[in-house]
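Summary of the model geometry
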Amino acid sequence: MGLSDNIQDIIKENYKAIISDVPFKDILIDLRIECILTDNEFTQLDQCKDNKYAGFEFLQILRSRSDTEFFKFCDVLKSSTVKHVQRLGRTLENSASDNGQAQ
């Protein structure tokens, strides 16, 4: 399993924005509710010293998931109360959808 090459490329292209803009420590519960994270992964990320490190660790985990989990991640971002995080979720989703990836 693992993310498709296209979605891997989209993450690489947006890596800086994802790490800098996404409030990972604030969305951990949502990532667990959507079954993107296991209980152990949730605990691991919750113990990260800062948000950027949590983002780095999360992207490592996400790479081992399927494209479906990537789209769930996009949905979590789009449901954020922070406008630029919502836009990032839409940008990631649209980039993947424009390149033929199905949700």
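Refer to the preceding data block for the structure.
A few points on the structure. (Residues numbered from 1 in each chain as written. Predicted model: local features only at pLDDT ≥ 70, side-chain atom pairs only at ≥ 80, totals over all residues. Heavy atoms only, no water.)

This part takes up the overall build of the protein. Summing up its helical and strand segments, the protein has seven helices and zero strands in all. Its helices and strands in sequence order give the protein the pattern α-α-α-α-α-α-α, from N to C terminus. For a compact globule of 103 residues, the expected C-alpha radius of gyration is about 13 Å, and the protein comes in at 12 Å, within 12% of that figure. Considering only C-alpha atoms, the protein reaches an extent of 35 × 30 × 20 Å along its principal axes. Across the 103 residues that make up the protein, the buried fraction comes to 46%. Counting contacts in the protein only where the partners sit at least 6 residues apart, residues at least 24 apart contribute 65% of the total. (Helix = DSSP H or I, 4+ residues; strand = E, 2+ residues; numbered from the N terminus. Rg over C-alpha atoms; globule rule 2.2 N^0.38 Å. Buried < 20%, exposed > 50% of the residue type's maximum accessible area, 1.4 Å probe, protein only. Contact = heavy atoms within 4.5 Å.)

Next up on the list: the nonpolar core. Ranked by internal contacts, the top residues of the largest apolar core, which has 30 residues, are Ile 18, Leu 31, Phe 58, Leu 62, Phe 70, Phe 73 and Leu 92. If we ignore the near neighbours within four places in the chain, the residues touching Leu 31 are Ile 36, Leu 37, Phe 58, Phe 73 and Val 76. (Core = buried A, V, L, I, M, F, W, Y, C linked by side-chain atoms within 4.5 Å.)

Quick look at the pattern of salt bridges now. Applying the stated criterion across every chain yields a total of four salt bridges. A salt bridge links Asp 39 to Arg 32, with the shortest nitrogen-to-oxygen separation between them at 2.6 Å. A single network of salt bridges, built from pairs that share partners, joins Asp 75, Lys 78 and Glu 93. (Salt bridge = Lys/Arg side-chain N within 4 Å of Asp/Glu carboxyl O.)

Angle between the axes and distance between the axes: these two values describe a pair of packed helices. The contact between helix H3 (residues 24–33) and helix H5 (residues 51–62) brings their axes to 9 Å, and the two run at 40°. If you check the angle between H3 and H5, you find them oblique. Contact residues: H3 offers Phe 24, Lys 25 and Leu 31, while H5 offers Asn 51, Ala 54, Gly 55 and Phe 58. A class-by-class count of the residues in the contact of H3 with H5 yields four nonpolar, two polar and one charged. (Axes fitted to C-alpha atoms, helices over the stretch in contact; angles between N-to-C directions. Parallel < 35°, antiparallel > 145°, perpendicular 65-115°, else oblique. Nonpolar A, V, L, I, M, F, W, Y, C, P; charged D, E, K, R; others polar.)

With that settled, consider the packing of helix H1 (residues 5–13) against helix H7 (residues 83–98). Relative to each other, H1 and H7 sit at 145°, their axes nearing to 10 Å. Along this stretch, H1 crosses H7, giving a crossing that reads as right-handed. Across the interface between the two elements, Asn 6, Ile 7 and Ile 10 from H1 touch Leu 92, Ser 95 and Ala 96 from H7. Considered class by class, the residues forming the contact of H1 with H7 number four nonpolar, two polar and no charged. (Left-handed = near helix turned anticlockwise from the far one by under 90°.)

What follows concerns the packing of aromatic side chains. Taken as a whole and assessed by the stated rule, the structure comprises five aromatic pairs. Residues Phe 24 and Phe 73 carry aromatic rings whose centres are separated by 6.3 Å and whose planes lie at 10° to one another, so their mutual orientation is stacked. Here the residue Phe 24 occupies a position in helix H3, and Phe 73 occupies one in helix H6 (residues 67–78), the gap between them amounting to 49 residues. As far as the burial class goes, Phe 24 and Phe 73 line up, both buried. When the centroid spacing of 5.0 Å and the interplanar angle of 45° are considered together, the rings of Phe 58 and Phe 73 count as tilted. Of this pair, Phe 58 sits in helix H5 while Phe 73 is found in helix H6, placing the two residues 15 residues apart along the sequence. Taking the relative accessible area as the measure of exposure, Phe 58 reaches 0% and is therefore buried. Between the NZ or CZ atom of Lys 49 and the centre of the ring of Tyr 53, over which it lies, the distance is 5.9 Å. (Phe/Tyr/Trp six-rings, centres within 6.5 Å; stacked < 30°, edge-to-face > 60°. Lys NZ or Arg CZ within 6 Å of the ring centre and 35° of its normal.)

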